[in-house]
Amino acid sequence: MDKLYSMWVSEGGSDMTGYIKHHLHHLEVKVGDGAFWTIHLDSVIFKFAMIAIFLGLFVKVARGATSGVPGKLQCAIEMIVEFVDGLVKETFHGHSKLIAPLAITIFGMVFLMNFMDMVPVDLLPAAAHAGGVEYLRVVPTADLNTTLGMALCVFLLIQYMGIQHKGVGGFFSEFFTAPFGPKGAPANLLLRLIEEAVRPVSLSLRLFGNMYAGELIFVLIAVMTLGASLSSFSFWALAPVQLLSGFVWTVFHILVITLQAFIFMMLTIVYLSMAAEHH
Amino acid sequence: MNINLTLVIQGLAFFATAWLVMKFGWPYIIRAIEERQKKIADGLAAAEEGKKALASASEKQDQVIREARGEAAGIRDRAEKEYASILDKAKADAIAEGNRQKAIAIAEIETAAHRAREELAHKVAELAVKGAERLIRKEIDAKAHKQLLDDLISEIAR
């Protein structure tokens, strides 16, 4: 154990802050001048890995989908599909080819990315470190870039949905006429702009905050026995506590990651439905 | 938490994934589900129909059996009547035949008796004639007294 932790400890001055800081540092690649031209390579890689798993499973089942007796995998996917389809039909009363596939993509992707939090917090970073990679964060949804990127996509789709269902004129006139009528045009516009701006921010920050906090708590649980030698009293005192709290938090986190994936999906469905409805 | 190019990449990747799901995943699975739902609904409807058909068939079967039973009873009645009538006719025939035979026999007997009586009368007449001949050999000529003898014979034969 001493050995495993020594590599983190050597980074910062103090053991704990160094360990935590190291864990919260992205694997960055600079592609140009300025702070913006940086890529969090770890987030991108793990997101693409999750996309590969999700698409691989989903498209494989879709290609072999039979209306006869389904296999177990097809059954499992169909259960989720029917669940999402039911939610969409319940919420959105029009016909849209876009909403349901988008919703299941969000649910599947966010759940898989969140699920990376279930992997022991030191496992992949340690493996990467052994392979010469200095920093690694494995949960893409604990990176604001990932969640905001998705939320902005949803934001654009909300606007697209509005224009599609109301026409350009109807869509833009609604900025000034709803909800207070034409007389309250400035107030309407202000309210609308705030509303539209708040949605992607709240959507992305909710998921990001939950996952970041979850990851941080896993790190803090790991810190309990950080650097303690096997012969010391503190190790034997804290190890059971660490084991128990780690277990409890993992179990609880299964709920959190599923719930957050569901919330992101559900809010997207609701937002898109609202955008399609006339006020 | 710095916002950087990662955001664009993640956004585009997400968008592309959603598009792929919409294009190559979702419709196939939904179609399979809906087809299966239709199959199940059709199957249930067919089962219901089959049940109804079974009920009507058994009803028809009952009716056919009832009809057949009635017909069989009718046939039996007719056969019994015919049997009785044949029996009666045979009995009547037999009785008539018997009567006829009896009548013939009686007639024969009567004829025989008659004949025997006639014969007896002839013989008696002959005997009488012979007796008389002996008594009055010369006086009585059988030819001359034929009328008398015939009258006598017929009287005896009566």
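Residues numbered from 1 in each chain as written. Chains lettered and ligands numbered in written order. Predicted model: local features only at pLDDT ≥ 70, side-chain atom pairs only at ≥ 80, totals over all residues. Heavy atoms only, no water.

**Q** Tell me about the packing of helix α3 (residues 41–63) of chain A against helix α4 (residues 72–91) of chain A, and name the residues and values.
**A** All names here are of chain A. In the contact formed by α3 and α4, the axes pass within 10 Å of each other and the chain directions differ by 105°. By the angle class used here, α3 and α4 are roughly perpendicular. When α3 is examined against α4, the residues L57, F58, K60 and V61 are found in contact with a partner set consisting of L73, Q74, I77 and V81. Partitioned by chemical class, the residues of the contact of α3 with α4 number 6 nonpolar, 1 polar and 1 charged. (Axes fitted to C-alpha atoms, helices over the stretch in contact; angles between N-to-C directions. Helix = DSSP H or I, 4+ residues; strand = E, 2+ residues; numbered from the N terminus. Parallel < 35°, antiparallel > 145°, perpendicular 65-115°, else oblique. Contact = heavy atoms within 4.5 Å. Nonpolar A, V, L, I, M, F, W, Y, C, P; charged D, E, K, R; others polar.)

**Q** Talk me through the interface of chain B and chain A; I want residue IDs and the actual numbers.
**A** Listed as interface residues are 32 residues of chain B and, on the opposing side, 57 residues of chain A. Between chain B and chain A lies a buried interface of about 3700 Å² when both sides are counted; carbon and sulfur atoms form 73% of it. Counting across the interface, chain B meets chain A through 1 salt bridge. Its salt-bridge partner being R36 of chain B, residue E78 of chain A comes within 2.8 Å of it at the nearest N-O pair. Joining chain B to chain A, the criterion identifies 11 residue pairs in polar contact (both at pLDDT 80 or more). Along the lines of polarity and charge, the residues of the side of chain B that touches chain A split into 20 nonpolar, 8 polar and 4 charged. (Buried area = accessible area lost by both parts, 1.4 Å probe. Salt bridge = Lys/Arg side-chain N within 4 Å of Asp/Glu carboxyl O. Polar contact = N/O pair within 3.5 Å; in protein donor to acceptor, adjacent residues only side chain to side chain.)

**Q** If you had to explain the environment of K183 of chain A to someone new, which residues and values would you point to?
**A** Residue and element names in this part refer to chain A. Tracing the backbone through its elements, the reader meets K183 in the loop between α7 (144–177) and α8 (185–223). When its relative accessible area of 85% is taken as the criterion, K183 is described as exposed. Taking the C-alpha atoms as reference points, K183 and V138, separated by 45 residues in sequence, lie 52 Å from one another. (Buried < 20%, exposed > 50% of the residue type's maximum accessible area, 1.4 Å probe, protein only.)

**Q** Give a description of helix α5 (residues 99–115) of chain A that names residues and reports values.
**A** Given 3.6 residues per turn, any residue in an α-helix points the same way as the ones three and four places further on. If you check α5 of chain A, its first and last C-alpha atoms are 24 Å apart, about what 17 residues at 1.5 Å a residue would give, namely 24 Å. Counting buried positions along α5 of chain A gives 14 out of 17 residues, so the element sits mostly inside the fold. (Expected span 1.5 Å × (residues − 1).)

**Q** Explain the pattern of salt bridges to me, using residue names and the numbers behind them.
**A** Across all of its chains, the model carries 12 salt bridges over all chains by this definition. D93 of chain B serves as the salt-bridge partner of K89 of chain B, at 3.9 Å between the closest nitrogen and oxygen. Taken together, the residues span about one helical turn, with K89 of chain B and D93 of chain B both in helix α1 (residues 5–135) at a distance of 4 residues. The class of K89 of chain B is exposed, set by a relative accessible area of 55%. Taking relative accessible area as the criterion, D93 of chain B reaches 43% and is therefore assigned partly exposed. A salt bridge links D150 of chain B to K146 of chain B, with the nearest nitrogen and oxygen atoms 3.1 Å apart. Of this pair, D150 of chain B and K146 of chain B both sit in helix α2 (residues 146–157), 4 residues apart, roughly one helical turn. A network of salt bridges, in which partner residues are shared, links K166, E174, R192, E195, E196 and R199 of chain A.

**Q** Describe the side chain of R137 of chain A, with residues and values.
**A** All names here are of chain A. For R137, the position within the fold is in the loop between α6 (123–130) and α7. Judged by its relative accessible area of 1%, R137 falls in the buried class. Polar side-chain contacts of R137 include one of 3.2 Å to the side chain of H26. Among the polar contacts listed, one links the side chain of R137 to the side chain of E215, at a separation of 2.8 Å.

**Q** For the packing of aromatic side chains, give the residues involved together with the corresponding values.
**A** Under the counting rule described, the total for this entry stands at 12 aromatic pairs over all chains. Taking the centre distance of 6.3 Å and the plane angle of 85° together, the rings of W19 of chain B and F24 of chain B count as edge-to-face. Judged by its relative accessible area of 32%, F24 of chain B is partly exposed. Taken together, the aromatic side chains of F107, F111 and F115 of chain A make up a single cluster linked through ring pairs. When the ring centre of Y28 of chain B is taken as origin, the NZ or CZ atom of R63 of chain A, which lies over that ring, is 5.0 Å away. (Phe/Tyr/Trp six-rings, centres within 6.5 Å; stacked < 30°, edge-to-face > 60°. Lys NZ or Arg CZ within 6 Å of the ring centre and 35° of its normal.)

**Q** Tell me about a nonpolar patch on the surface, residues and numbers included.
**A** A surface patch of nonpolar side chains, amounting to about 730 Å² of accessible area, comprises V29, V31, F36, W37, L41 and I45 of chain A together with I3, V8 and L12 of chain B. Elements with a contribution of two residues or more to the nonpolar patch: α3 of chain A together with α1 of chain B. Residue position: V31 of chain A is located in the loop between β1 (28–30) and β2 (38–40). (Patch = residues over 30% accessible without salt bridge, like charges linked within 9 Å, V, L, I, M, F, W, Y side chains within 5 Å. Areas by Shrake-Rupley, 256 points an atom, 1.4 Å probe, with all protein chains shown as cover.)

**Q** Kindly report on the side chain of D42 of chain A, identifying the contributing residues and their values.
**A** Residues and elements named next belong to chain A. Mapped onto the fold, D42 is located in helix α3. Look at D42: it is buried, it has no salt bridge, and the nearest opposite charge is R137 at 5.9 Å. Within the local environment of D42, its side chain forms a polar contact with the backbone nitrogen of R137, the two atoms lying 2.9 Å apart. Aside from chain neighbours lying at most four places away, what touches D42 is H25, H26, L27, L136 and R137. (Lys, Arg positive; Asp, Glu negative; His and termini not counted.)

**Q** Describe in detail the packing of α4 of chain A against α1 of chain B, supporting the description with residues and values.
**A** At their nearest, the axes of α4 of chain A and α1 of chain B sit 10 Å apart, and the two run at 90° to each other. Classified by the interaxial angle, the pair formed by α4 of chain A and α1 of chain B is roughly perpendicular. Side by side, α4 of chain A and α1 of chain B meet where Q74, I77, E78, V81, E82, V84, D85 and K89 of chain A of the first sit next to W26, I29, I30, A32, I33, E34, R36 and Q37 of chain B of the second. Class assignment for the residues of the contact of α4 of chain A with α1 of chain B results in 8 nonpolar, 2 polar and 6 charged.

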